[in-house]
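Structural overview
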Amino acid sequence: MPFWGGAGDCSSCVAVMLELARGISQWAHGFKHAVIFLFNTGEEEGLNGAHSFITQHPWSKSIRLAIDLEAMGIGGKSGIFQAGPDPWPIETFAAVAKYPSGQIIAQDIFSSGAIKSATDFQVYREVAGLSGLDFAYADNTAVYHTKNDKLELLKLGSLQHLGENMLAFLLKIAASSHLPKVNTMVEEDNKGQSTAVYFDILGTYMVVYRQHFANMLHKSVIAQSLLIWTTSLLMGGYPAAISLALSCFSVILMWIFALSFSVLAAFIIPLISSSPVPYVANPWLVVGLFAAPALLGALTGQYLGYLILHTHLSNVYTKKKQISPVIQADLIKSEAERWLYKSGSLQWLILLILGTYYKIGSSYLALFWLVPPAFAYGFLEATLTPARFPKPLKLATLLIGLAVPILISAGGFIRLAGTIIGTVVRLDRNPGGTPDWLGNVIVATYVAAVMCLTLVYLLSYIHLPGAKKSIVLSTCLLFGLSLAVVSLGIIPPFTKDTSRAVNVVHVVDMTRSFDEKQDPRSYVSLFSSTPGKLTKEVEQINEGFRCGRDKVVDLVTFSVKYSCWTFDDTDNGWSESDVPTMHVDSDTHGDERITRVLIDTKGSTRWTLAINADEIEDFTFKDAGSSEELVLVGDMSSVDGWHIMQFSGGKNAPTRFDLTLFWMKNSTRLDHKVEGKREEGTPLLKLRTDMDIVTPKVDRVLSKLPPWCSQFGKSTSPHTFAFLSNLPVNF
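The rules behind the values
Residues numbered from 1 in each chain as written. Predicted model: local features only at pLDDT ≥ 70, side-chain atom pairs only at ≥ 80, totals over all residues. Heavy atoms only, no water. Helix = DSSP H or I, 4+ residues; strand = E, 2+ residues; numbered from the N terminus. Buried < 20%, exposed > 50% of the residue type's maximum accessible area, 1.4 Å probe, protein only. UniProt positions renumbered as here; feature names shortened; annotations may be inferred. Pairing = 2+ DSSP bridges. Axes fitted to C-alpha atoms, helices over the stretch in contact; angles between N-to-C directions. Contact = heavy atoms within 4.5 Å. Disulfide = S-S within 2.5 Å.

1. Observations concerning unusual backbone geometry
Glycine aside, negative phi is the norm for most residues, and most peptide bonds take the trans geometry. For the peptide bond that leads from aspartate 9 to cysteine 10, omega is -5°, which places it in the cis range. With respect to the element layout, cysteine 10 can be found in helix H1 (residues 7–27). With an omega of 5°, the peptide bond running from glycine 84 to proline 85 counts as cis. Tracing the backbone through its elements, the reader meets proline 85 in the loop between strand S2 (78–84) and helix H3 (88–96). Phi is positive for lysine 602, which is not a glycine, with a value near 55°. Take lysine 602: it is sitting in the loop between strand S13 (593–600) and strand S14 (606–612). For lysine 602, a relative accessible area of 27% puts it in the partly exposed group. Phi at serine 627 takes a positive value of approximately 60°, unusual for a residue other than glycine. Counting through the fold element by element, serine 627 comes out in the loop between strand S15 (616–623) and strand S16 (629–631).

See below:
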């Protein structure tokens, strides 16, 4: 789709690699290894370029280390978001990089499957068994794969940052005689003991240590913490156990109220705003829309817990007749405050135990949020007596206890928030298939979780001073102003540079039912992967669009659940000679059923074919002209019940294919509903052919597209013209 230049993804990578190649050629003194620069295509079409190099190129056998340059945004620091499995590359990078950037929390999120995408590094690691590093820009994620991924938004400092780090790294490893062995995936099976934990501090220094050291360190801290807690409870007896339980209950209330208030705001926003995600172009709005109610909820929940704990401690201290009532009242308040503070450390201790048990690399965050605050409390707060003035020591406790964890984690939390916010512009894999509030709930939940985790110590010191009222009033005011700004449209949800992701596709639908041949339907479909209806966009375009959830389009790789269609003037700009055909050449029934289908994609050299995995066990796929085997018989994998093939060729790519289908031995072979998996009328084959054609109707729609909208492109998305066809099970 010719609407963007791909400055971030990934012209920036190519530019850096070219400059690195020039620099390496001048600095290559004493190298023990060659440096290969691989400029490959096909990454968006299923990592085909990297896979072809690793499996077919003779140089691939000599590779010892793989480095992948990627982008899921434009600008900012190019940080490491995947490393390993051998720790040597990340350790070396940390030692020589001038401005090291990388957080293992990004690797944990990526490897968890929360991000439904992959990079070429997956091929290098899983197919070739190589260790290495995977870099990516992540700032301004909203422009990813849109026309706004343009050179004007790419900062030269970002290129310089990546280039200087990579040049120092390449010069070091090329001269090293200690490159990791190939097939290090075997070493990773040793419960991840040799993998690395890594994080940077303000982009100037990177901390790296092995997982086995992390396990020992974490277990040591856990053992000491449990010993201290056990001793404390044994000395305090039953009242201390009850106080601990009630302080933990205050943490639970804090989470419940913070999440409830923040998520409630997430449901309110779509009701008062023209867009369900009005903060994409101005991420700072999240502070008022979600952080403010989360803070208010956390303070409310913890204060309720404080009142309950205070009542319990009052009952305990009333039995101590030797203490004067005035001193006793102060003691009760101070003791309740201390228990709230200690419950915060217990919260992080539980997270550290879970992270250590499951060997989560980013559990180092729990370590830093546990040890310094606990040390500060033990060093200062635990020494308080009624005779000593507590306020200076409270301030010192917070400064000493929170300085290190904030320094370590604040940057990562903020960058992750920016990435999540930018991602909601393409949240919906099947456009219109998720509720409008879903993106808000994800952002709100993340913000509330960060608030509860990081403010638990600070909030415990707010209940005694007279600051609660001013905090509550200012928080409510901030939330109210943010809602007013959003509801009145003072700040637009999208801008020309940070736009809403949409697709405009001229569709010719040749799909047919099982009992009749259907004439083609030609229409232009407008849909968006960003939550929210397209009412404003359709009004401005004014080309006869009608929107609704009845405008469903099955584009093979995904389904559009909500879109806008127009049939006006859609018969022009395309030819019936380009309509793809699927012809059943033979269908034999014996011990097993084998069907041969001839497919002609006509003028399209970019297409997607889905084969019903409930009916078809295996298949072969040939170029009908040369009889070259493109897909061999083998163990075919499926996604959501479909074997899916994507093809993207050049000008001389084949367009006629021979598909041989091997049916399941227990195949239904009939038109009926397969309970729990298929709806009645599910076809045997689904085909979408993409044409790089802009019809007159599409041209007018694109010219009238509002400036806050931008075409969103990916390998699974169609071009601006697509034919849809199918073959029924009962052909």
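On we go from here.
2. A word on the UniProt feature "transmembrane region" (unreviewed entry) in the protein chain
With numbering matched to this structure, UniProt assigns "transmembrane region" (unreviewed entry) to residues 226–246, 253–272, 284–309, 396–417, 437–459 and 471–491. Secondary structure across residues 226–246 comprises 100% helix and 0% strand; the distance between its end C-alpha atoms is 18 Å. Its end C-alpha atoms 29 Å apart, residues 396–417 is made of 100% helix and 0% strand.

3. What about the sheet that holds strand S3 (residues 131–137)?
One open sheet accounts for three strands, arranged S1-S3-S2; its pairing is mixed. Whereas interior strands pair on both sides, the edge strands pair on one side only; in this sheet they are strand S1 (65–71) and S2. This sheet shows a mean twist of 20° between the axes of neighbouring strands, independent of strand direction. In this structure, S1 lies alongside S3, joined through seven bridges in parallel fashion. By the bridge assignment, leucine 65 is partnered in S3 with serine 131. The strands touched by H1 within the sheet are S1 and S3, with S1 carrying the most contacts at an inclination of about 135°.

4. Regarding the state of the cysteines
Throughout the structure, instances matching the rule amount to two disulfides. In this model, cysteine 10 is linked to cysteine 13 through a disulfide, with the two sulfur atoms separated by 1.7 Å. Of this pair, cysteine 10 and cysteine 13 are both found in helix H1, three residues apart, which corresponds to roughly one turn of the helix. Cysteine 547 shares a disulfide with cysteine 564; S-S distance 1.9 Å. Taking the torsion about the sulfur-sulfur bond, which here is approximately 100°, the covalent link between cysteine 547 and cysteine 564 counts as right-handed. Of this pair, cysteine 547 sits in strand S8 (residues 546–548) while cysteine 564 sits in strand S11 (residues 563–566); the two residues are 17 residues apart in sequence, bridging distant segments of the chain. Using a relative accessible area of 32% as the deciding quantity, one classes cysteine 547 as partly exposed. Should the bonded cysteines of the protein chain be numbered as they appear in the sequence, the pairing reads 1-2, 3-4. The cysteine cysteine 476 is free of any disulfide, with cysteine 452 supplying the nearest cysteine sulfur at 17 Å.

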